[in-house]
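# A closer look at the structure
Single-letter residue listing:
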Amino acid sequence: MKTLRAALLLALVAHAGCGYSLAGRGSFLPAYIQRIGIPQFVNSTAVFDLDRQVTERVRTEFIGRGKYVIVTEATGVDALLTGTISSVTLTPVAFNTSQQATRYALTLTATVEFKDMRSNKVLWTNPSMQYREEFALNPTNALDSTTFLGQDVNARDRMINEVARALVSAIVEAF
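Attention here is on the structure that accompanies the text. (Residues numbered from 1 in each chain as written. Predicted model: local features only at pLDDT ≥ 70, side-chain atom pairs only at ≥ 80, totals over all residues. Heavy atoms only, no water.)

## Overview of the overall build of the protein chain
Within the protein chain, the regular secondary structure consists of 4 helices and 6 strands. Reading the protein chain from its N end, one meets helices and strands in the order α-β-β-α-β-β-β-β-α-α. Going through the 175 residues of the protein chain one by one, you find that 38% of them count as buried. Accessible area of the protein chain: about 10,200 Å², with a carbon and sulfur share of 56%. (Helix = DSSP H or I, 4+ residues; strand = E, 2+ residues; numbered from the N terminus. Buried < 20%, exposed > 50% of the residue type's maximum accessible area, 1.4 Å probe, protein only. Areas by Shrake-Rupley, 256 points an atom, 1.4 Å probe, with all protein chains shown as cover.)

## Observations concerning the pairing of strand β5 (residues 101-116)
For a regular strand, side chains alternate in direction, first toward one face of the sheet and then toward the other. In this sheet, β5 lies alongside strand β4 (residues 79-95) in antiparallel orientation, the contact comprising 15 bridges. For Thr84, the partnering residue across the bridge sits in β5 and is Thr111. What sits between β5 and strand β6 (residues 121-136) in their antiparallel hairpin is a turn of 4 residues, with Asn120 showing a positive phi close to 55 degrees. (Pairing = 2+ DSSP bridges.)

## Here we look at the pattern of salt bridges
Applying the stated criterion across every chain, the model contains 10 salt bridges. Among the salt bridges present, the one from Glu134 reaches Arg103, with a minimum N-O distance of 3.4 Å. With Glu134 in strand β6 and Arg103 in strand β5, the pair connects residues that are 31 residues apart, well separated along the chain. With a closest N to O distance of 3.3 Å, Glu134 and Arg132 form a salt bridge. Using a relative accessible area of 49% as the deciding quantity, one classes Arg132 as partly exposed. Here the salt bridges share partners, and the residues they tie into one network are Arg57, Glu61, Arg65 and Glu173. (Salt bridge = Lys/Arg side-chain N within 4 Å of Asp/Glu carboxyl O.)

## Some details on the nonpolar core
Grouped together as the largest cluster of nonpolar side chains are 38 residues, with contacts concentrated most on Ile36, Leu50, Val58, Phe62, Leu81, Phe114 and Leu167. Of all the elements in the fold, those that place two or more residues in this core are α2 (50-64), β4, β5, β6 and α4 (153-172). With 10 residues, the top contributor of residues to this core is α4. (Core = buried A, V, L, I, M, F, W, Y, C linked by side-chain atoms within 4.5 Å.)

## Topic: the environment of Thr111
By the secondary structure assignment, Thr111 is in strand β5. Separated by 19 residues in the primary sequence, Thr111 and Gln130 have C-alpha atoms spaced 9.0 Å apart. Ignoring any residue separated from it by four or fewer positions in sequence, one finds Thr111 in contact with Thr82, Gly83, Thr84, Asn126 and Pro127. A distance of 2.9 Å separates a polar side-chain atom of Thr111 from the backbone oxygen of Pro127. (Contact = heavy atoms within 4.5 Å. Polar contact = N/O pair within 3.5 Å; in protein donor to acceptor, adjacent residues only side chain to side chain.)

## Brief notes about α4
With 20 residues, α4 ought to run about 28 Å at 1.5 Å a step, and its terminal C-alpha atoms sit 28 Å apart, in line with that. What α4 keeps buried is the set Ala155, Arg156, Met159, Ile160, Val163, Ala164, Leu167, Val168, Ser169, Ala170, Ile171 and Val172. Just beyond α4, the residue with positive phi is Ala174, at close to 60 degrees. (Expected span 1.5 Å × (residues − 1).)

## Examining the environment of Trp124
Along the polypeptide, Trp124 turns up in strand β6. Considering only alpha carbons, one finds Trp124 and Val112, 12 residues apart in sequence, at a separation of 8.3 Å.

## Focus: the packing of aromatic side chains
Going through the model one piece at a time under the given rule, you end up with 2 aromatic pairs. Centroid distance Phe62 to Tyr68: 5.9 Å. Interplanar angle 85 degrees. Geometry classified as edge-to-face. This pair shows no difference in class: Phe62 is buried, exactly as Tyr68 is. Measuring from ring centre to ring centre gives 6.3 Å for Phe62 and Phe114, while their planes differ by 15 degrees; the resulting arrangement is stacked. Placement of Phe62 in helix α2 and of Phe114 in strand β5 is noted, with a sequence separation of 52 residues between them. With relative accessibility at 0%, the residue Phe62 sits in the buried group. Taking relative accessible area as the criterion, Phe114 reaches 0% and is therefore assigned buried. An aromatic cluster is present here, built from Phe62, Tyr68 and Phe114 joined pairwise through their rings. (Phe/Tyr/Trp six-rings, centres within 6.5 Å; stacked < 30°, edge-to-face > 60°.)

Right, here's the structure in full:
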């Protein structure tokens, strides 16, 4: 019986420091980073208002983490997140028997940098971050990504939400 107790106690002690935590709630950022500047992303695409929508959703995602004060300024902050949306493409990926596209891949590409302003050091960067999602689409409406995103608000919102979630998780959780 004493051996069993000792084995259980040893197992509990061994597993106590495993480091498990809830996904999306951990942070590998320095503790002094409290105030994060997120100025509006630059939009190098023809998709109207995409920069504002992505920037607002990224800010909201950071605020949802509950640890940070998010501001639009680039000065007087502990860290600065900047981004440039370089392209949005719409590519057919599935076809019907008449060779008409029935599914499309929407791909957003951006350059993103997260910089520690206290140490003047880049903590996270991705010069070609890509987010890809597939959508079913009426072939007659699939002219290009600008037209598609202008017409399909649900697809646009879903893409922007996922881009923001993936970006903030990558920075905060160090993936």
